[in-house]
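# Observations on the model geometry
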Amino acid sequence: MDEKMSWAVSDAVDYKGFPADRSKTGGWVPAALVLGIELCERLSTMGIAVNLVTYLIGTMHLPSATSANTVTDFMGTSFLLCLLGGFLADSYLGRFKTIAIFALVQTLGTGMLAVITKLPQLQPPPCKTNNDECVQANGFQMGILYLALYLIALGTGGLKSSVSGFGTDQFDEKDEKEKSQMTYFFHRFFFLISIGTLLAVTVLVYIQDDVGRSWGYGICSISMFTAVMIFLYGTKRYRYKKSSGSPIVHIFQVIVAAIKKRNLDLPYDISLLFDNSPEVSRIQHSQQFHFLDKAAIVAEGDFENGGSTNPNPWKLCSVTRVEEVKMMVRILPIWATTILFWTTYAQMITFSVEQASTMERSVGSFQIPAGSLNVFFVAAILISLAAYDRIIMPLWKKWTGKPGFSSLQKISIGLVLATMGMAAAASIETKRLSVAKSVGDSTEALPISVFFLVPQFFLIGAGEAFIYTGQLDFFITQSPKGMKTMSTGLFLTTLSLGFFISSFLVMVVKRVTGTNGGQGWLADDINHGRLDCFYGLLAVLEFINFGVYLICALWYKPRNNDKSGGLQMENVGNGSLAEDKC
C-alpha cells in the first residue's frame, strides 16, 4: 500500500478522478501537448492581428486611426477575456475543459473569418482610380467581421487563461526532479509563443498578401482544430488538480468581511485572529494593510448554525486568506506600471505596419509584406533570450555572484527599452515624413527603405523579451499558490489594458490635434499627419512611467521576509522563476 501511494501525486487526480499515478500521468509528454495548443493559438491570433490593419484600410476602406483602434480593441478584448476564462476554469469547468471549449470557439471564429474574406458580398467594392471615391464597408459588413473577430477574442481569452496553469499542473512541485522540469516549462512556453509569432509574421502574412486572405485564415482554423484533437488525445495522460473555488470570490469575501467589521478594534495579540488553515499552508501575518486584518476578528454570528467550526466566509476569513489578499494588493502598483509597455507594443502591429506599407519594401524581385516587418520584432525577442541565457547571466553571476536578474530588474529593462524604442520611432518617422513631403501626393512607395523601421521593432521586441518573462515570473511567484490562474489572468490584463489605452490615446490625440478642419497628428493618410509627434508623446509617457515604476519597485514588499532590497532576487531551481526579496 505504501509503495502504491509513493507513485501517487498528492494534489492531482487522473481523468477518472483517482489519485494520479506518477508513472502514467504528467511530465513532459502531456506538457508538450499543452504547449502545442498554445503554439497554434499564437499562430492564429498573431497571424490575424499583425496584418489586420492592412485589410481594414486596403479592403474595408476604413480610416487609418479607426483601423488601428479596431486592431487594438480586438487584441485588448482577447486578453481581457482571460479573466472570464480564469473565473470559469476556477469555479465551474476546470482548466482542461476550459482549454478545449474555448479552443473550439477560436477555431469557429477563424473559420468564419476565412469565409468572410472570400465572399465579395461581405466587402465594399474596390476603389476607383481616385482614392476619394473609395466606399467604406457598411454596417452589416463590419458587423459580420466584428462577430468573427470577437469569437476569436473569446476563444483566445478563455484558452490563454488556463494554458500555462494546466501545463505546470503536469509537474509535481514536491518532487525535486519534476520541479526542476517545471522551471524549464516557462522558458519553452515563451519560446514557442515566439515561434508561433514568427510563423505568423512570415509564412501566414505572405500567404494572406500573395495567395489570399481566406487561405491564410483557413490555415489558422485548420491548425487550431488539429491542435484541439491532439490535445484531447492526451486526456488519459494529464494530471488534473481540483479547484478550491474562484480567487475573485475569495478576495471579495475578505473585503466584505473587513468592511462589516470596520468599527471593531484589532486585538493586541495577533494570535487571537482566526485562522483555520492547515499548518503547512498557513501564511505568516504581515504588518501592511491592517484594515483587512479585521476580516479575521471573531465576532458573534460569524459561525453557521451557532457552531464553532464552520465560519460564514462573508463574515469571517482566516488570517491566511487575508494574507493572500494582501499579497494581491501589494503587486497592484507593479501591475499598473507595466501596462504602458503594451501600449507601445500596440504600435508595432498598427501604425508601424502602416508606415511599412508606404515605404520601399523590395529586396531584388521580392516584395516584403508590410506585416512581415514584425519578423524583426520576433528576432529581437529570440536574440535577447539567447543573449541573456548565454552571455548576460554568466557575466552577471561572475561580477555579482547572483545567478541572474530578478523579475523586477527584467521589467525595468523592458521599460527602458520601450522608451528608447518610441524615441527611435519618432526620429525615424520624422525622416519618413520629410521624404513624403518632398515627393508630394505620389501613390507609389516612398523612396526610403523599410529597413529604417528595424530599430523600433528591435528595441520594442527586446523589451518584450525582458518584460514578458519578468512579469510572468513576478506574478507567478509573488501571487498566492491557490491563485495561479488568476495571477496569469492579472498578468494578461496588462496586455489588454495596454491595447485599450492605445485606442484611448489615439481617440484623444485625433480629437485634440484635429481641430479647425485639419486631421492633426493621426491623419487618415499618415503621410499628411504627424505620427512622429504621437510616438514622441509615447516616449515621454514611458519615461514618466519608468520613474513611477522605480518608486513602486522600491516600495514593494514581497512574500518572503529577507531584507536585502526591493530589486534583489534569488533564483529558484535553474533560474527561470525568480523570487524578489525585500
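It should be noted that the structure appears before, not after, this text.
The present account deals with the structure reproduced in this document. (Residues numbered from 1 in each chain as written. Predicted model: local features only at pLDDT ≥ 70, side-chain atom pairs only at ≥ 80, totals over all residues. Heavy atoms only, no water.)

Taken as a whole and judged by the stated rule, the model has 1 disulfide. In this model, Cys127 is linked to Cys134 through a disulfide, with the two sulfur atoms separated by 1.8 Å. Measuring handedness by torsion sign, the sulfur bridge of Cys127 and Cys134 sits at about 120° and is right-handed. When its relative accessible area of 30% is taken as the criterion, Cys127 is described as partly exposed. Take Cys134: its relative accessible area is 27%, and that puts it in the partly exposed class. Free of any disulfide, Cys40 has its nearest neighbouring cysteine sulfur in Cys220, separated by 9.6 Å. By relative accessible area, which is 14% here, Cys40 ends up buried. (Disulfide = S-S within 2.5 Å. Buried < 20%, exposed > 50% of the residue type's maximum accessible area, 1.4 Å probe, protein only.)

Next up on the list: the pattern of salt bridges. In a structure, side chains of opposite charge can pair up when their charged atoms sit close to one another. Taken as a whole and judged by the stated rule, the model has 14 salt bridges. One salt bridge connects Asp209 with Arg213, and the closest N-O pair in it is separated by 3.9 Å. On the accessibility criterion, Asp209 (37% relative accessible area) is partly exposed. Given the relative accessible area of 13%, Arg213 is considered buried. The salt bridge involving Arg330 is made with Glu323; its shortest N-O contact spans 4.0 Å. When its relative accessible area of 6% is taken as the criterion, Arg330 is described as buried. Residue classification places Glu323 among the buried positions, given a relative accessible area of 2%. Several salt bridges share partner residues, and in doing so they unite Asp293, Glu323, Lys326 and Arg330 into one network. (Salt bridge = Lys/Arg side-chain N within 4 Å of Asp/Glu carboxyl O.)

Another point: unusual backbone geometry. Of note in the backbone geometry, His61 takes a positive phi value of approximately 60° without being a glycine. Within the secondary structure, His61 is located in the loop between α2 (28-58) and α3 (64-80). A residue is classified by how much of its surface remains accessible, and His61, at 9% relative accessible area, is buried. (Helix = DSSP H or I, 4+ residues; strand = E, 2+ residues; numbered from the N terminus.)

With that out of the way, let us pick up the packing of aromatic side chains. Aromatic rings considered in pairs are described by the distance between their centres and by the relative angle of their planes. With the rule as written, the count across this model stands at 29 aromatic pairs. When the centroid spacing of 6.4 Å and the interplanar angle of 80° are considered together, the rings of Trp342 and Tyr468 count as edge-to-face. Here the residue Trp342 occupies a position in helix α11 (residues 339-348), and Tyr468 occupies one in helix α15 (residues 454-478), the gap between them amounting to 126 residues. Under the relative-accessibility criterion, Trp342 is labelled buried at 1%. Using a relative accessible area of 2% as the deciding quantity, one classes Tyr468 as buried. (Phe/Tyr/Trp six-rings, centres within 6.5 Å; stacked < 30°, edge-to-face > 60°.)

Here we come to a nonpolar patch on the surface. A contiguous nonpolar patch, built from Tyr206, Val211, Trp215, Val363, Phe366 and Phe451 and spanning about 600 Å² of accessible area, is present on the exposed surface. Taking the relative accessible area as the measure of exposure, Val363 reaches 43% and is therefore partly exposed. (Patch = residues over 30% accessible without salt bridge, like charges linked within 9 Å, V, L, I, M, F, W, Y side chains within 5 Å. Areas by Shrake-Rupley, 256 points an atom, 1.4 Å probe, with all protein chains shown as cover.)

Inspection of the secondary structure assignment puts Arg361 in the loop between β3 (359-360) and β4 (362-363). Buried within the structure, Arg361 lacks any salt-bridge partner; Asp209 is the closest side chain of opposite charge, at an N-O distance of 5.8 Å. Reaching out from Arg361, the side chain makes a polar contact with the backbone oxygen of Ala356 at a distance of 3.1 Å. Within the local environment of Arg361, its side chain forms a polar contact with the backbone oxygen of Ile368, the two atoms lying 2.6 Å apart. The residues contacting Arg361, other than those within four sequence positions of it, are Ala356, Phe366, Gln367, Ile368, Pro369, Ala370 and Val450. (Lys, Arg positive; Asp, Glu negative; His and termini not counted. Polar contact = N/O pair within 3.5 Å; in protein donor to acceptor, adjacent residues only side chain to side chain. Contact = heavy atoms within 4.5 Å.)

All right, on to helix α14 (residues 407-439) then. Quick reminder: α-helices carry 3.6 residues per turn. Residues three or four places apart thus point the same way. Over its 33 residues, α14 extends 48 Å from the first C-alpha to the last, a length consistent with the 48 Å expected when each residue adds 1.5 Å. Phi for Gly440, located one or two positions after α14, is positive at around 80°. (Expected span 1.5 Å × (residues − 1).)

With that settled, consider helix α8 (residues 247-260). The first and last C-alpha atoms of α8 sit 20 Å apart over 14 residues, in line with the 20 Å expected at 1.5 Å per residue. Among the residues of α8, Pro247, His250, Ile251, Gln253, Val254, Ala257 and Ala258 are the ones counted as buried. Looking straight down α8, one finds that the buried residues subtend no more than 155° of arc, so they occupy a single side. (Arc of directions from axis to C-beta.)

With respect to the element layout, Thr343 can be found in helix α11. Residue contacts for Thr343: discarding those within four places in its chain leaves Gly498, Ile501, Ser502, Leu505 and Leu538.

Looking at soluble globular proteins, one finds that nonpolar side chains tend to be buried together. Counting residues in hydrophobic clusters, the biggest one holds 140 residues, and the most contacted among them are Ile37, Phe231 and Phe534. Per-element tally for this core: the top contributor is α2, with 14 residues. Beyond its immediate sequence surroundings of up to four residues, Phe534 is in contact with Gln347, Phe351, Leu505, Val506, Val509, Trp521 and Leu522. Core analysis: the second largest hydrophobic core is formed by 8 residues, Tyr388, Leu417, Ala424 and Ala462 among them. (Core = buried A, V, L, I, M, F, W, Y, C linked by side-chain atoms within 4.5 Å.)

Alignment of strand β1 (residues 8-13) against strand β2 (residues 19-21), held across 3 bridges, turns out to be antiparallel. Bridging across to β2, Val13 finds its partner in Pro19. Between β1 and β2, which pair antiparallel and follow one another directly, the connecting turn spans 5 residues, one of which, Gly17, has a positive phi of 90°. (Pairing = 2+ DSSP bridges.)

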